[in-house]
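The lines below spell out each chain.
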Amino acid sequence: MSELAPKVDGVTEKEIGQSSGPWREAWNGFKKSKVAVVGAVIVFFFILLAIFGPYIAHEGINDQVLADRLLPPSAEFWLGTDDLGRDIFSRIIHGARISLWVGFSSVIGSVVVGSALGIIAGYYGRWVDTIISRFFDIMLAFPSILLAIAIISVLGPSLQNALIAIAIINVPNFGRLIRSKVLSIKEDEYITAAKGIGMRDARILFSHILPNSMAPVIVQGTLAVATAILEAAALGFLGLGAQAPMPEWGKMLADAQNYLKTAPWTMVFPGLAIMLTVLGFNLMGDGLRDALDPRMKN
């Protein structure tokens with residue numbers, strides 16, 4: 001005869017054992033959001049395209065066949081061809097790798113630099129906080145795309161320099177986010193206790209403050225990837241990012257702008273790729289925000 005599990009504050013020990021941690025609870029909350037799941041599916045789809053792109057579309061993405069220029073979508077060319085006879089379907093698939101690489105790499109750089117500056121500013125305060133905060137304010141005073149254009153004007157137009165520019169302009173966003181989080185965490189009792197037992201600042205920062213500040217960074221990072229992809233496409237469209245013949249989506253739009261009326265598919269499909277990727281990351285970011293922010297829970 002099975003024994004009933006004893007209860008603690010109305011909850012059985014079995015339920016306590018099966019209780020999930022904060023990250024598993026966040027994952028469960030994320031799965032309940034249909035919109036967030038749709039966003040994750042879109043993002044996962046484009047990640048698969050980026051990984052398996054060479055196996056899906058293995059033809060030469062830069063091969064110019066002028067006899068096939070501006071052909072509409074067909075069984076042979078699923079998304080049609082561009083003004084140089086190149087297969088748009090193959091170029092979009094390979095362009096996914098470029099756009100996602102720029103998005104993830106630039107955000108990682110922004111998170112590392114911004115988090116380091118934000119932690120130092122929030123933890124040490126005083127003149128250090130003043131200098132770093134004023135630096136953030138100066139950068140945020142400029143429109144992000146104009147600041148990126150200015151940086152590329154100094155470094156020179158290329159995809160690598162566009163990545164660097166996008167990473168730089170997003171540093172203040174993560175820096176201010178981490179700084180505000182550190183300002184609230186460093187006053188907690190466990191931080192005071194850690195200081196009281198003589199724990200070094202570096203250990204406090206990396207063992208206690210940084211792990212407890214990551215939830216908003218994850219949400220902001222997901223949304224920032226969408227922004228970075230959009231900014232990379234904008235720079236490519238202006239001729240400051242990826243250079244020909246690289247199949248970057250923004251550059252593909254720039255090359256096709258003269259054929260909007262005669263061959264609209266040359267612009268529609270790269271534009272759809274940008275729109276869906278950005279939409280997927282935004283939907284997933286909103287779902288993560290709802291799952292990780294306690295204030296959004298019922």
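Computed from a predicted model, the values in this text were never measured in an experiment.

**A few points about the side chain of T81**
Inference 1: Relative to the elements of secondary structure, T81 occurs in the loop between α3 (34-56) and α4 (88-124).
Inference 2: Looking at T81, the relative accessible area reads 0%, which means it is buried.
Inference 3: Within the local environment of T81, its side chain forms a polar contact with the backbone oxygen of D68, the two atoms lying 2.5 Å apart.
Inference 4: Looking at T81, its side chain comes within polar contact range of the main-chain nitrogen of L71, at 2.7 Å.

**Some thoughts on the packing of helix α11 (residues 214-237) against helix α12 (residues 249-256)**
The relative placement of two packed helices is expressed as an angle between their axes plus a distance between the axes.
Inference 1: It is the contact of α11 with α12, at a shortest axis distance of 7 Å, that shows an interaxial angle of 35°. Pair α11 / α12 crosses with right-handed handedness. Facing A233, G236 and F237 of α11, the residues of α12 in contact are G250, K251, L253 and A254.
Inference 2: In the contact of α11 with α12, the residues fall into four nonpolar, two polar and one charged.

**Digging into the environment of F281**
Inference 1: Note that F281 resides in helix α13 (residues 265-292).
Inference 2: Setting aside chain neighbours within four positions, we find F281 in contact with V43, L100, F104, T222, L223, V225, A226 and I229.

**As for the nonpolar core**
Inference 1: By size, the foremost hydrophobic cluster in this structure holds 68 residues, and its most contacted members are F46, I209, W249 and F281.
Inference 2: The greatest single-element share of this core, amounting to 11 residues, is contributed by α4.
Inference 3: If we ignore the near neighbours within four places in the chain, the residues touching W249 are F46, I92, G95, A96, S99, P270, A273, I274 and T277.
Inference 4: Grouped together as the second largest cluster of nonpolar side chains are five residues, A121, V128, I132 and F136 included.

**So, the environment of K251**
Inference 1: Here K251 lies in helix α12.
Inference 2: Residue K251 is classed as buried on the basis of its relative accessible area of 15%.
Inference 3: Those residues in contact with K251 that lie beyond four places of it in its chain are G236, F237, A242, A244 and M246.

**Side note on a nonpolar patch on the surface**
Inference 1: A cluster of nonpolar side chains, F44, L48, I51, F52, Y55 and I56, forms an exposed patch at the surface whose accessible area comes to about 630 Å².
Inference 2: Assignment of secondary structure puts F44 in helix α3.

**Examining the packing of aromatic side chains**
Inference 1: Following the criterion strictly, the structure yields six aromatic pairs and no others.
Inference 2: Note on F46 and W249: the rings are 6.0 Å apart at their centroids and 70° apart in plane angle, and the pair reads as edge-to-face. Here W249 lies in helix α12 and F46 lies in helix α3, a separation of 203 residues in the sequence.
Inference 3: Among the residues examined, F46 registers a relative accessible area of 6% and is labelled buried.
Inference 4: Where W78 meets F89, the ring centres are 5.1 Å apart and the plane angle is 55°; that geometry is what we call tilted. Residue W78 is located in the loop between α3 and α4, and its partner F89 is located in helix α4; the two are separated by 11 residues in the primary sequence.
Inference 5: Note on F89: relative accessible area 21%, which makes it partly exposed.

**Let's talk about the packing of helix α7 (residues 159-169) against helix α8 (residues 171-185)**
Inference 1: Two elements in contact, α7 and α8, have axes whose closest approach is 4 Å; the angle formed by their N-to-C orientations is 30°. The orientation of α7 relative to α8 falls into the category roughly parallel. Across from A167, I168 and I169 in α7, the residues of α8 making contact are V171, P172 and N173.
Inference 2: Across the contact of α7 with α8, the residue classes tally to five nonpolar, one polar and no charged.

Calculation notes
Per-chain numbering applies: the sequence of each chain, read as written, is numbered from 1 onward. pLDDT decides what is reported in this predicted model: residues at 70 or higher carry local features, side-chain atom pairs at 80 or more are listed and counted, and totals for whole chains, interfaces and linings draw on all residues regardless. Water and hydrogen atoms play no part in the side-chain values, which are based on all heavy atoms of the structure. Under the scheme used here, helices are H or I runs from DSSP no shorter than 4 residues and strands are E runs no shorter than 2 residues, and both carry numbers assigned from the N terminus. When accessible area is computed with a 1.4 Å probe and restricted to protein chains, residues below 20% of their type maximum are described as buried, those above 50% as exposed, and intermediate ones as partly exposed. Side-chain atoms alone can form a polar contact between residues adjacent in sequence; in general such a contact is a pair of N or O atoms within 3.5 Å, and within protein one must be able to donate a hydrogen while the other accepts it. Axis angles are defined between N-to-C directions and span 0 to 180 degrees, where every axis is a line fitted to C-alpha atoms and, for a helix, only to the segment in contact. In this scheme, a crossing is called left-handed if the near helix is turned counterclockwise away from the far one by less than a right angle; it is called right-handed if the turn is clockwise. Between two residues, a contact is recorded if the distance between any of their heavy atoms is within 4.5 Å. Polarity classes work like this: nonpolar for Ala, Val, Leu, Ile, Met, Phe, Trp, Tyr, Cys and Pro, charged for Asp, Glu, Lys and Arg, and polar for all others, with Gly in that last group. The nonpolar core is taken to be a set of buried Ala, Val, Leu, Ile, Met, Phe, Trp, Tyr and Cys residues, with the residues joined through side-chain atoms within 4.5 Å. Like charges within 9 Å and nonpolar side chains (Val, Leu, Ile, Met, Phe, Trp, Tyr) within 5 Å are joined into patches, using only residues over 30% in relative accessible area that form no salt bridge. Method for areas: the Shrake-Rupley scheme with a 1.4 Å probe, in which residue coverage is limited to the protein chains shown. One speaks of a salt bridge when a side-chain nitrogen belonging to Lys or Arg is within 4 Å of a carboxyl oxygen belonging to Asp or Glu. Centre distance within 6.5 Å is the pairing criterion for rings of Phe, Tyr and Trp, where only the six-membered ring of Trp is used; planes under 30 degrees apart are then read as stacked, over 60 as edge-to-face, and the remainder as tilted. The labels follow the angle: roughly parallel below 35 degrees, roughly antiparallel above 145, roughly perpendicular from 65 to 115, and oblique for the rest.

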